[in-house]
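Structural characterization, general
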Amino acid sequence: AYTARSDARGAADRDRRDRRDRRVTPARVDADGRVARARETPDTAELGAAADRTMALELREAARAAFEVVSSASTLTEDAMEAFAAAATAPGVVERADVRETLTATRDGGATLLDARSPGEFAKGHIPGAVNVPLFDNDTRAEVGKTYKTRGRGEAMVLGMTAVAPQLDALVEAAARAIAERGAKGSGGKDDVKDVYVMCFRGGMRSSCVGWLLSEKIPGVRVRVLSGGYKGFRKWALERCGALDVPAPKVCIVGGRTGVGKTRALLALEAKGEQIIDLEGLANHAGSAFGWVGREPQPTSEHYSNMVVCTWDALDPTRWVYIEDEGPHVGRCSVDPLLFVRMRNAPLVIRMVASRDMRLHTLVEDYATDDLRSNPEWLPTMEESIEKLTKRLGGLRVKEIRDKLEGGDFTAVAEGLLDYYDELYDKHLMQKRKDRRGRGGANDETSSVTSFSSTEEERAGVVVDVHCRAREDGAIDEESLVRNILCAVGLFDCQHGTIEEYPSEEG
């Protein structure tokens, strides 16, 4: 292993000197007496590229030799692990990619993104669409980290390799299944070449070693490692929604009192080909005290931020995006602070207006369907949600609402809550919160929001009322609602100098 590493480094040094000698031509003095050098010619460029390929091949050979030692040795040594780590992480052994390239390739190009972090790290937050192929399980990662801090890098690497060596074949098989299920096609024009991106926390040893292993063991793949890893992605994510140097879509807020069907309007707009960000859908929460009823568990606030930011990043900046009017939190999930600023400063706010009967019909449909009530957990969760309002509504009123719930009068339950939520929303609609949320502490490298305080002032933007019509069954007519919203947006564009083509009444 030492010999292989020494040979690889010597070859790299020689090739670097050769490329320097071939590419840099002798200095010449121009007419003004300034020193200049001739540009690289196609011939010297080709020679340099050939030298790079030769060096990469030699480094990969060194990595193979070092891996053979560490994978077959009965007793691992720190020196052997250092040799393998140096060879596997050397520049040129595995290609590198930045966050933008990785997101574009995995979102639009069909490439596969494999996350080599532990299951616990992955559950806390990951890039949407990534597949977890962990090098270490949670316990092994904790033990390796502890050893690294107390005994040093060498012993930690030996411990890690000892733990994962019996599992490497299973890891390769899991990665191959993920690649096959994704059906990733490469960008080089050959259908049998598949693009694969590998990441860990910092884009260091874990992803480099796994990337090298996959390139060796799985035929027909082109492997790249995400530079900076998940930490680099989070840095990008925390800044993306506020980036001033990147074109951004205009935000149209879809608001209205409880029960007007804001989420239904968003989904209907999406069905018509409009851009939306469904903050409540991504959070698995409807935003109120009852928002968790009948929903899957919420993601962590960090992963929620990842999903929202990646949705924002995928939008067409030349078109409007429709977002439901929300506060700074959706259940336990925090809305990205920079996106929240855009929302509270949106140029256009659509305020949906519906009759009380229509709203009651919608609330019963959303929270008390036969399917929801068939779940044995439905009644206890509804009762728990009502109890949370005791301080705001008073014990007597809460008891009355609970009695109506247990009696099956769900319309009366909704009616008993409307006045309280109407007052809250009317105040929220006309106020512009200034976000004072702090980001994570010094010891948390990827967190986003830890606290919130706000000051309030009059909200910016134009507020336009859009009235909802009822179908024969009492439900909201979504077709006419979408048509009216698009007409309101079209009128706004005309008045502000931007005329877009919007669907006619016939679609």
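Residues numbered from 1 in each chain as written. Predicted model: local features only at pLDDT ≥ 70, side-chain atom pairs only at ≥ 80, totals over all residues. Heavy atoms only, no water.

1. A short note on the overall build of the chain
- Scanning the chain for helices and strands turns up 21 helices and 16 strands.
- Out of the 507 residues belonging to the chain, those deemed buried represent 45%.
- For the chain, contacts bridging at least 24 residues in sequence account for 71% of all contacts bridging at least 6.
- Here the chain displays about 25700 Å² of accessible surface, and carbon together with sulfur accounts for 50% of that area. (Helix = DSSP H or I, 4+ residues; strand = E, 2+ residues; numbered from the N terminus. Buried < 20%, exposed > 50% of the residue type's maximum accessible area, 1.4 Å probe, protein only. Contact = heavy atoms within 4.5 Å. Areas by Shrake-Rupley, 256 points an atom, 1.4 Å probe, with all protein chains shown as cover.)

2. Here's the deal with helix α4 (residues 99–107)
- Where α4 is concerned, the buried positions are V99, T102, L103, A105 and T106.
- Near the N-terminus of α4, the side chain that reaches the backbone nitrogen of R100, with its oxygen 3.4 Å away, is that of D98. (Polar contact = N/O pair within 3.5 Å; in protein donor to acceptor, adjacent residues only side chain to side chain.)

3. Re the nonpolar core
- F67, V70, F84, M161, W212 and L214 are the most contacted members of the largest nonpolar core, which totals 45 residues.
- Elements that contribute at least two residues to this core include exactly α2 (42–72), α3 (78–88), α7 (153–164), α8 (168–182), β6 (194–199), α9 (205–217) and β7 (221–226).
- If one sorts the elements of this core by residue count, α2 sits on top with seven residues.
- For W212, the residues in contact, after removing those within four places along its chain, are R60, A63, R64, F67, F84, V93 and V94.
- Residues W236, I277, Y304 and W312 belong to the second largest nonpolar core, which totals 40 residues. (Core = buried A, V, L, I, M, F, W, Y, C linked by side-chain atoms within 4.5 Å.)

4. Considering the sheet that holds strand β9 (residues 275–277)
- As summarised here, the arrangement of the five strands in space is β9-β10-β8-β13-β16, forming an open sheet in which the pairing is parallel. Among the strands making up the open sheet, the edge pair consists of β9 and β16 (462–467). Averaged over neighbouring strand pairs, the angle between their axes works out to 30° when direction is ignored.
- Note that strand β8 (residues 250–256) and strand β13 (residues 348–353) share five bridges and pair parallel. (Pairing = 2+ DSSP bridges. Axes fitted to C-alpha atoms, helices over the stretch in contact; angles between N-to-C directions.)

5. Structural notes on the confidence of the model for the chain
- Looking at the chain as a whole, its pLDDT mean stands at 82, while 77% of the residues score no less than 70.
- Mean pLDDT in the chain bottoms out at strand β1 (residues 28–29), which sits at 38, and peaks at strand β5 (residues 131–132), which reaches 98.
- When the criterion is pLDDT under 50, residues 19–40 qualifies, and its contacts beyond four places in sequence or with other chains add up to 24 contacts.
- Of the regions scoring below 50 in pLDDT, residues 499–507 engages in 11 contacts with residues more than four places distant in sequence or in other chains. (pLDDT = per-residue confidence, 0-100.)

6. Focus: the sheet that holds strand β3 (residues 95–97)
- Across the sheet, which stays open at both edges, the five strands sit in the order β3-β7-β6-β4-β5 with parallel pairing between neighbours. The open sheet is flanked by β3 and β5, the only strands paired with a single partner.
- As defined by bridge partners, strand β4 (residues 112–115) adjoins β5 across two bridges and the pair is classed as parallel. When the bridges of β5 are listed, L114 appears paired with V131.
- Packed on one face of the sheet, α9 meets β3, β4, β6 and β7 and runs near 180° to β7.

7. Some words on the pattern of salt bridges
- Considering all chains together, one arrives at 30 salt bridges under this definition.
- Across the pair R107 and D313 runs a salt bridge, and its minimum N-O distance is 3.1 Å. In this pair, R107 sits in helix α4 while D313 sits in helix α13 (residues 301–313), placing the two residues 206 residues apart along the sequence.
- Between D422 and R359 there is a salt bridge; the shortest N-O distance is 2.4 Å. Taken together, the residues span a long stretch of sequence, with D422 in helix α20 (residues 410–429) and R359 in helix α15 (residues 356–367) at a distance of 63 residues. The burial state of D422 is the same as that of R359; both residues are buried.
- Linked through salt bridges whose partners overlap, the residues forming this network are E95, E101, D195, R222 and R224. (Salt bridge = Lys/Arg side-chain N within 4 Å of Asp/Glu carboxyl O.)

8. Observations regarding helix α10 (residues 229–240)
- End to end, α10 covers 17 Å across 12 residues, agreeing with the expected 16 Å (1.5 Å per residue, within 8%).
- When α10 is considered as a whole, its buried residues turn out to be G229, Y230, F233, R234, W236, A237, L238 and R240.
- Each element contacted by the buried residues of α10 is listed here: α4, β6, β7, α13 and α14 (337–344). (Expected span 1.5 Å × (residues − 1).)

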